[in-house]
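Coordinates in review
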Amino acid sequence: MLRKLFGMFGKSLAMDLGTANTLLYTPKDGIVLNQPSVVAVDVKGDKVLAVGNEAKEFLGRTPDKIRAIRPLKDGVIADFEVTKVMIMYFLKEVIKGFKLFKPRLVIGVPSGITQVEKRAVIESGLQSGAREVKLIEEPMAAAIGAGLPIHEPRGNMVVDIGGGTTEVAVISLSAIAYAESVRVAGDEMNESIQRYIQEEFKILIGENMAEEIKIKVGSAYPLSEKLICRVLGKNLIDGTPKFVEVTDGHIREAIAEPVNIILKSVHVALEKTPPELVGDILDNGLLLAGGGALIRGLDKLISKKIGVKVNIDSEPLTTVVRGAGQTLLEEKKFNQVFIN
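Counting from 1, residues in each chain are numbered in the order their sequence is written. In keeping with the model being predicted, local features are shown solely for residues with a pLDDT of at least 70 and side-chain atom pairs are shown and tallied solely at 80 or more, while totals for entire chains, interfaces and linings include all residues. Hydrogen atoms and water are omitted, and side-chain values are computed over all heavy atoms in the structure.

1. Considerations on the overall build of the protein chain
The way it works is that DSSP assigns letters per residue, a run of H or I at least four long becomes a helix, a run of E at least two long becomes a strand, and they are numbered from the N terminus. In terms of helices and strands, the protein chain carries twelve helices and 19 strands. Just to be clear, the radius of gyration here is over C-alpha atoms, and the globule rule we use is 2.2 Å times residues to the power 0.38. Relative to the 2.2 N^0.38 estimate, which gives 20 Å for 340 residues, the radius of gyration of the protein chain is 21 Å and therefore close to what a compact globule would have. Dimensions along the principal axes, computed over C-alpha positions, put the protein chain at roughly 65 × 60 × 35 Å. We call a residue buried when its accessible area falls under 20% of the maximum for its residue type, exposed when it is over 50%, and partly exposed in between, using a 1.4 Å probe and counting protein chains only. For the protein chain, the residues scored as buried account for 51% of the 340 residues in total. Pairs of residues are marked as contacts when any of their non-hydrogen atoms sit within 4.5 Å. At a minimum sequence separation of 6, the contacts of the protein chain that also span at least 24 residues come to 62%. Accessible surface for the protein chain amounts to roughly 16100 Å². Of this, 51% is attributable to carbon and sulfur atoms. Between the averaged position of the 43 positive side-chain charges in the protein chain and that of its 43 negative side-chain charges there is a distance of 5 Å. Under the convention used here, a 1.4 Å probe and the Shrake-Rupley method define accessible areas, while residue burial counts only the protein chains that appear. Asp and Glu are treated as the negative residues and Lys and Arg as the positive ones, with His and the ends of the chain left uncounted. For this purpose, a charge sits on NZ of Lys, CZ of Arg, CG of Asp or CD of Glu.

2. Some remarks on the packing of helix α3 (residues 80-94) against helix α4 (residues 115-127)
Contact geometry for α3 and α4: axes closest at 9 Å, N-to-C directions at 45°. The angle between α3 and α4 falls in the class oblique. Pair α3 / α4 crosses with right-handed handedness. Each of F80, T83, K84, I87 and M88 in α3 lies in contact with α4, whose residues at this interface are A120, E123, S124 and Q127. Of the residues belonging to the contact of α3 with α4, the class tally is four nonpolar, three polar and two charged. Inter-axis angles, ranging from 0 to 180 degrees, are taken between N-to-C directions of lines fitted to C-alpha atoms, where helices are fitted over the stretch in contact. The labels follow the angle: roughly parallel below 35 degrees, roughly antiparallel above 145, roughly perpendicular from 65 to 115, and oblique for the rest. We call a crossing left-handed when the near helix sits turned anticlockwise from the far one by less than a right angle, and right-handed when that turn is clockwise. Classes in brief: Ala, Val, Leu, Ile, Met, Phe, Trp, Tyr, Cys and Pro nonpolar; Asp, Glu, Lys and Arg charged; the others, Gly included, polar.

3. Remarks on the environment of C229
Along the polypeptide, C229 turns up in strand β15 (residues 228-235). For C229 and G218, which are eleven residues apart along the polypeptide, the C-alpha to C-alpha distance reads 9.8 Å. Once residues within four sequence positions are removed from consideration, C229 is found in contact with I213, K216, V217, V244, E245 and V246.

4. Concerning the pattern of salt bridges
Any two side chains of opposite charge can pair, given that their charged atoms come close. We define a salt bridge as a contact between a side-chain nitrogen of Lys or Arg and a carboxyl oxygen of Asp or Glu at a distance within 4 Å. Under the definition given, this model contains 13 salt bridges. E331 is the partner of R104 in a salt bridge, and the nearest nitrogen-oxygen pair spans 3.1 Å. Placement of R104 in strand β9 (residues 104-109) and of E331 in the loop between α12 (319-329) and β19 (338-339) is noted, with a sequence separation of 227 residues between them. Looking at R104, the relative accessible area reads 15%, which means it is buried. A relative accessible area of 33% means that E331 is categorised as partly exposed. Between E188 and R195 there is a salt bridge whose closest N-O contact spans 3.9 Å. Under the relative-accessibility criterion, E188 is labelled partly exposed at 25%. The partly exposed category is assigned to R195, whose relative accessible area is 40%.

5. Looking at the nonpolar core
If you look at the biggest cluster of nonpolar residues, it comprises 44 residues, and the most contacted ones within it are M157, I193, I213 and V246. Considering every element that reaches this core, the biggest residue donor is helix α9 (residues 256-271), with seven residues. In this structure, I193 is in contact with I205, A210, I213, K214, I251, A254 and I255, ignoring residues within four places of it in sequence. The criterion is simple. A nonpolar core is a set of buried Ala, Val, Leu, Ile, Met, Phe, Trp, Tyr and Cys residues joined through side-chain atoms within 4.5 Å. Core analysis: the next-biggest nonpolar cluster, separate from the first, contains 29 residues, L24, V94, I95 and I122 among them.

6. A short note on the confidence of the model for the protein chain
The pLDDT value tells you how sure the predictor is about a given residue, anywhere from 0 up to 100. Overall, the predicted model of the protein chain reaches an average pLDDT of 91, with 95% of residues at or above 70. Counting interchain partners and residues more than four positions distant, the pLDDT-below-50 stretch residues 1-9 has six contacts.

7. Details of the environment of G60
Among the structural elements, G60 can be located in the loop between α2 (53-56) and β6 (66-69). Put simply, G60 and V321 are 261 residues apart on the chain and 29 Å apart in space, counted from C-alpha to C-alpha.

8. A closer look at the sheet that holds β15
Within the open sheet, the three strands sit side by side as β14-β15-β16. Their pairing is antiparallel. The open sheet terminates on both sides in strands that have one partner only, identified here as β14 (203-204) and β16 (241-247). At least two DSSP bridges between two strands are required for those strands to pair. Pairing of β15 with β16 involves seven bridges; the strand directions are antiparallel. Its bridge partner lying in β16, C229 is registered against V246. Across the face of the sheet, helix α6 (residues 186-201) comes into contact with β14 and β16 while running at roughly 110° to β16. Across the sheet, helix α7 (residues 207-217) touches β15 and β16, and the angle it forms with β15 is around 165°.

Set out below in C-alpha cells:
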C-alpha cells in the first residue's frame, strides 16, 4: 500500500498544451489523453458544461447562452481562467486521487514564447494542481521524440507545424542554435479554407467542416490522383443548405498563402544558421512534425523549394508530447533542455 501511495505521489506527466489539441503522457503508460483544447461554458451561470471532445462538438452550434471557447491562441494562453479549468479537468481524467497527490508537469511551449506567456503557462499548471512545472520548447521536444541526436555537435532542423504556430528550429549540443516561430499553422489553413469556400462557391462553412475538408483532401503539392470531398454549407444568397464538391486542387489554392509563410520561415531559419550546421542539415535532412506534417505533399514542396531532404516523423501528431515524456524517463540526460 505504501509503495502504491509513493508511486502516485511521484507521478510525473508530460503535456503538449496545444492550440488545437492537448495531449498527456506518463512514463509508465505513454499517451493517456489526446483531446481538443476546447471548453464549453454557460455564459449566464459561468458554469463549465463540457471539455475536450464533447466541447468541440459545440463549436458553431451553440445558442447565445453557451460559448465554446478555445482558450489557447497561437500556441499560448489567451484565456487564463478557462485554460486552468481545462488543464485541471484533463489532469483529473488521467490521475484519480489527483487532489491528494500532486503530479510534476513538463509542458511543451512555442520557442517564441514571451516571459509573460511562460509565467501564465507555469501558473496555470500550478493552480491546476501540479506541484512543479517545467517548460520545454516544442521543437526541442519534437527532436527528442523523433530520436534525433540532439546531444551531438551536429545541426538538426525541426519544423513543427501545430494548430496555432509553426516552429522552425536548428538544434545542436542540447540547445537551440536558431529558432523561427510564426503564428501561422493549421488554424490559419482552416480559416483560409473557410474564406476560399465563401468566395469561390458563395457558401458559409464552420470551423469543424473546414478542418474536415483539410484532412480529407488537403494537399500542398499536386497529387497523382484527384481527391474530391462533398461539402455542406449555408448558401450566402438565400440562406438555404447547399452542397458543393471541392477537390485537392481547390484546397491547395486555398491554403497556398499560409503554406508559403511556412516555407519562408524555413528559408529564413536556414539563412540565419551558421554554415557548418547548414551543411549537417543538408546531409541529414529536416524533421517535419505536428499535425501540419500530415498535409499531403508538404514534404515534397519543402524539399523542392528549399532543396533539403524532408523526413516526416512516424507519428507527427504526438512527437512533441513523446519527447517531453522522454525527458521524464531520462531526467539527468535531458536536464539541459528545459527553459527558465
